[in-house]
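Analysis of the macromolecular model
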Amino acid sequence: MLVTRAGAASAEPGPLTRERVSELVRQAPPARVARSEAAVYGAAAAGAGGPSENPVLSGMGGIRRNPDGSRPLSAQASLAWPIELGGQSSKRSAVARAEHQASLLAAQGSERLALLEALLQYQLVLKDERELALAEARHALSQRFHSAAQRRQAAGGVPELDVALAALQERQDAAARATAEGARDADQQQLASLLGLPRSVAARDELVPEGEAPALAELLAGAAERPEVRAALAELGTVRARAERVRAESWPTLNVLAQYERDDGADVGLLGLEIPLPVLNTSSSEVATSAAEIKVAEAKLLQARARAEGQARELHARYLATRAALDALAPVEALATRAVSLATRGYELGESDLNSVLLVRREALEAQAALLNAQHGHALMKLELLVSAGKPVR
């Protein structure tokens, strides 16, 4: 059932989740286009079993002028009924069914690619949300620095330079916050466009999807069931069916002829056959070409299988690498937060100078950014693995 943009929007009451994104992708324009294209091949397959030629009915009539001056009516009618030999009708039907099956698999592949694209965009929005939250926290902290510097300068504890540096840092963090907010809003709009929603919707999920990704053995075992491999296999079946159709078309089409003639009061009935003589073998080129196309389709199938297995190995290796990097950076967030808190408190109490505080803050920001990038990179690899394996994403 087709769902309009308004219908999709009304069915989406709250913030997006990965499960909700997966549902909306099935209703989004790319998926609907793919299913509609497959339906075209389905309609063609439904009517592909009929004959390729229509019967031909012809008639002529006139006046016959005899030597004795009489002018009797003269008329004739003929009917040519084609009869295909070599199973041409069944071969055409087989080609149509194979093309329909290939289109269905292509639609599944398109829908899976659309799902991956939407989930990756949703993941980018989640990262934007985290970056905006960090930018807001940094801005609040720089405002706190600025206020502390003003109080200490008023008390004569620090020079005016500290106030200027703190104000400069506060303005930079305000600009970074505005930039992060703009990037988040733009990526939300892009996500809404992919999902067919009329407006952007907030994202609410953990940065890294839940659960464990499939093991390498499971990925390799399921490589043959990936949409691109099944599509290549279906294309091979289509090419083979076309080759059978071409060979069947080399058989002549037999025409059964029936003729009735009325001539000078006499009724004349004739029955005969019209058989084309394939002495020139005009379809030899098409037969040779179809045989070569089978070889190409077989090679593409082998290529698709090898590529699917290679991509499974690559994604799994990248997944393990990103997980190891994330495990190494796991303690960073707590350590960075504690270091900045201690440095800020020490500056407020007059126990440290502004340069030391800014140095600690810079190191903490770099560590937090590294952790966020590691989480995002690991999430991307996990999403690709789950989608390629056909697993649900949460």
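Calculation notes
- Residues numbered from 1 in each chain as written.
- Predicted model: local features only at pLDDT ≥ 70, side-chain atom pairs only at ≥ 80, totals over all residues.
- Heavy atoms only, no water.
- Helix = DSSP H or I, 4+ residues; strand = E, 2+ residues; numbered from the N terminus.
- Buried < 20%, exposed > 50% of the residue type's maximum accessible area, 1.4 Å probe, protein only.
- Contact = heavy atoms within 4.5 Å.
- Areas by Shrake-Rupley, 256 points an atom, 1.4 Å probe, with all protein chains shown as cover.
- Lys, Arg positive; Asp, Glu negative; His and termini not counted.
- Charge placed at Lys NZ, Arg CZ, Asp CG, Glu CD.
- Pairing = 2+ DSSP bridges.
- Axes fitted to C-alpha atoms, helices over the stretch in contact; angles between N-to-C directions.
- Parallel < 35°, antiparallel > 145°, perpendicular 65-115°, else oblique.
- Left-handed = near helix turned anticlockwise from the far one by under 90°.
- Nonpolar A, V, L, I, M, F, W, Y, C, P; charged D, E, K, R; others polar.
- Salt bridge = Lys/Arg side-chain N within 4 Å of Asp/Glu carboxyl O.
- Phe/Tyr/Trp six-rings, centres within 6.5 Å; stacked < 30°, edge-to-face > 60°.
- Lys NZ or Arg CZ within 6 Å of the ring centre and 35° of its normal.
- Expected span 1.5 Å × (residues − 1).
- 1 Å grid on protein atoms, 1.4 Å probe; cavity = no way out; pocket = protein on both sides within 12 Å on 5 of 7 lines; lining within 4 Å.
- Points joined across faces, edges and corners; volume = space filled by probe spheres on them.
- pLDDT = per-residue confidence, 0-100.
- Core = buried A, V, L, I, M, F, W, Y, C linked by side-chain atoms within 4.5 Å.
- Patch = residues over 30% accessible without salt bridge, like charges linked within 9 Å, V, L, I, M, F, W, Y side chains within 5 Å.

1. Re the overall build of the protein
Broken down by element type, the protein carries ten helices and four strands. Here the C-alpha coordinates of the protein stretch approximately 145 × 45 × 30 Å along the principal axes. Expressed as a percentage of its 394 residues, the buried residues of the protein come to 35%. Residue pairs at least 24 apart in sequence account for 79% of intrachain contacts in the protein once pairs closer than 6 positions are excluded. For the protein, the accessible surface area stands at approximately 22000 Å², while carbon and sulfur atoms represent 56% of it. Taken together, the 45 basic and 49 acidic charged side chains of the protein have centroids lying 2 Å from each other.

2. Section: the sheet that holds strand β1 (residues 56-63)
Working definition: the strands of a sheet are paired by backbone hydrogen bonds and lie parallel or antiparallel to each other. Read from one edge to the other, the open sheet built from four strands follows the order β1-β2-β3-β4, with strand pairing classed as antiparallel. The open sheet terminates on both sides in strands that have one partner only, identified here as β1 and β4 (266-274). Direction aside, neighbouring strands of the sheet carry axes that sit 10° apart on average. By the bridge criterion, eleven bridges tie strand β2 (residues 73-84) to strand β3 (residues 253-263) in an arrangement that is antiparallel.

3. Some points on the side chain of Gln368
Among the structural elements, Gln368 can be located in helix α10 (residues 354-388). Setting aside its immediate chain neighbours within four residues, Gln368 contacts Leu134, Arg138, Val332, Ala336 and Thr337.

4. Side note on the packing of helix α8 (residues 284-329) against α10
Contact pair α8 / α10: the axes reach a minimum separation of 9 Å and the direction vectors enclose 150°. Judged on the interaxial angle alone, α10 and α8 are roughly antiparallel. Of the two possible hands of crossing, α8 and α10 adopt the one that is left-handed. Between α8, through Leu315, His316, Arg318, Tyr319, Thr322, Arg323, Leu326 and Leu329, and α10, the contact on the second element is made entirely by Ala370, Leu371, Ala374, Gln375, Gly377, His378, Met381, Lys382, Glu384, Leu385 and Ser388. Of the residues contributing to the contact of α8 with α10, the split by class is nine nonpolar, six polar and four charged.

5. Side note on the pattern of salt bridges
Side chains that differ in charge, positive against negative, can pair when their charged atoms come close. The full count for this structure, using the stated rule, is 21 salt bridges. Residues Arg345 and Glu348 are paired through a salt bridge, measuring 3.6 Å at the closest nitrogen-oxygen approach. Linking Arg345 with Glu348, this pair stays in helix α9 (residues 332-348), spanning three residues, or about one helical turn.

6. Here's the deal with the packing of aromatic side chains
A complete count under the given rule lists zero aromatic pairs for this structure. Above the face of the Tyr347 ring, Arg152 is positioned so that its terminal group lies 4.6 Å from the ring centre.

7. Digging into helix α4 (residues 88-154)
For α4, with 67 residues, the first-to-last C-alpha span of 98 Å sits near the 99 Å given by 1.5 Å per residue. Gly156 lies just past α4 and shows a positive phi near 80°.

8. Some words on empty space enclosed by the protein
Across all of its chains, the model carries two cavities of 30 Å³ or more by this definition. Empty space within the largest cavity amounts to approximately 60 Å³. For the largest cavity, the full set of lining residues is Val25, Ala28, Pro30, Ala31, Ala114, Glu117, Ala118 and Leu194. Of all the secondary-structure elements, those providing two or more residues to the lining of the largest cavity are α3 (29-46) and α4. Considering each element in turn, the lining of the largest cavity owes the most residues, three residues, to α4. Looking at the lining of the largest cavity residue by residue, the class counts come to seven nonpolar, no polar and one charged.

9. A closer look at the confidence of the model for the protein
When pLDDT is averaged along the protein, the result is 87, and 95% of the positions lie at 70 or above. Ranking the elements of the protein by mean pLDDT puts helix α1 (residues 5-10) last, at 42, and helix α5 (residues 160-195) first, at 94. pLDDT under 50 marks residues 1-13. Its contacts with residues more than four places away, or in other chains, come to 17 contacts.

10. Re the nonpolar core
Formed by 23 residues in total, the largest nonpolar core has its most connected members in Leu16, Val21, Tyr122 and Leu195. Counting only elements with at least two residues in this core, the list comes to α2 (18-27), α4, α5 and α10. A per-element tally of this core places α4 first, with seven residues. Tyr122 has contacts with Leu16, Thr17, Arg18, Val21, Leu191, Ala203, Arg204 and Asp205, leaving out every residue within four places of it along the chain. One finds Leu141, Ala149, Leu358 and Ala364 within the second-largest nonpolar core, a separate group that totals 15 residues.

11. Regarding the pairing of β1
By the criterion of burial, β1 is predominantly exposed, with just zero of the eight residues buried. Strand direction decides the pairing type here: β1 and β2, joined by eight bridges, are antiparallel. Looking across to β2, one finds that Ser58 is bridged to Ser78.

12. Some words on a nonpolar patch on the surface
A surface patch of nonpolar side chains, about 610 Å² in accessible area, is lined by Leu57, Leu79, Trp81, Ile83, Leu85 and Trp251. Of all the elements, β2 adds the most residues to the nonpolar patch, at three residues. Position of Leu85 relative to the elements: it lies in the loop between β2 and α4. The exposure class of Leu85 is partly exposed, given its relative accessible area of 31%.

13. Concerning the packing of α2 against α4
Relative to each other, α2 and α4 sit at 140°, their axes nearing to 9 Å. The angle between the axes of α2 and α4 places the two elements in the oblique class. Two packed elements cross with a definite hand, and for α2 against α4 that hand is right-handed. Counted together, Arg18, Val21, Ser22, Val25 and Arg26 of α2 and Glu111, Ala114, Leu115, Ala118, Leu119, Tyr122, Gln123 and Leu126 of α4 form the full contact between these two elements. Considered class by class, the residues forming the contact of α2 with α4 number eight nonpolar, two polar and three charged.

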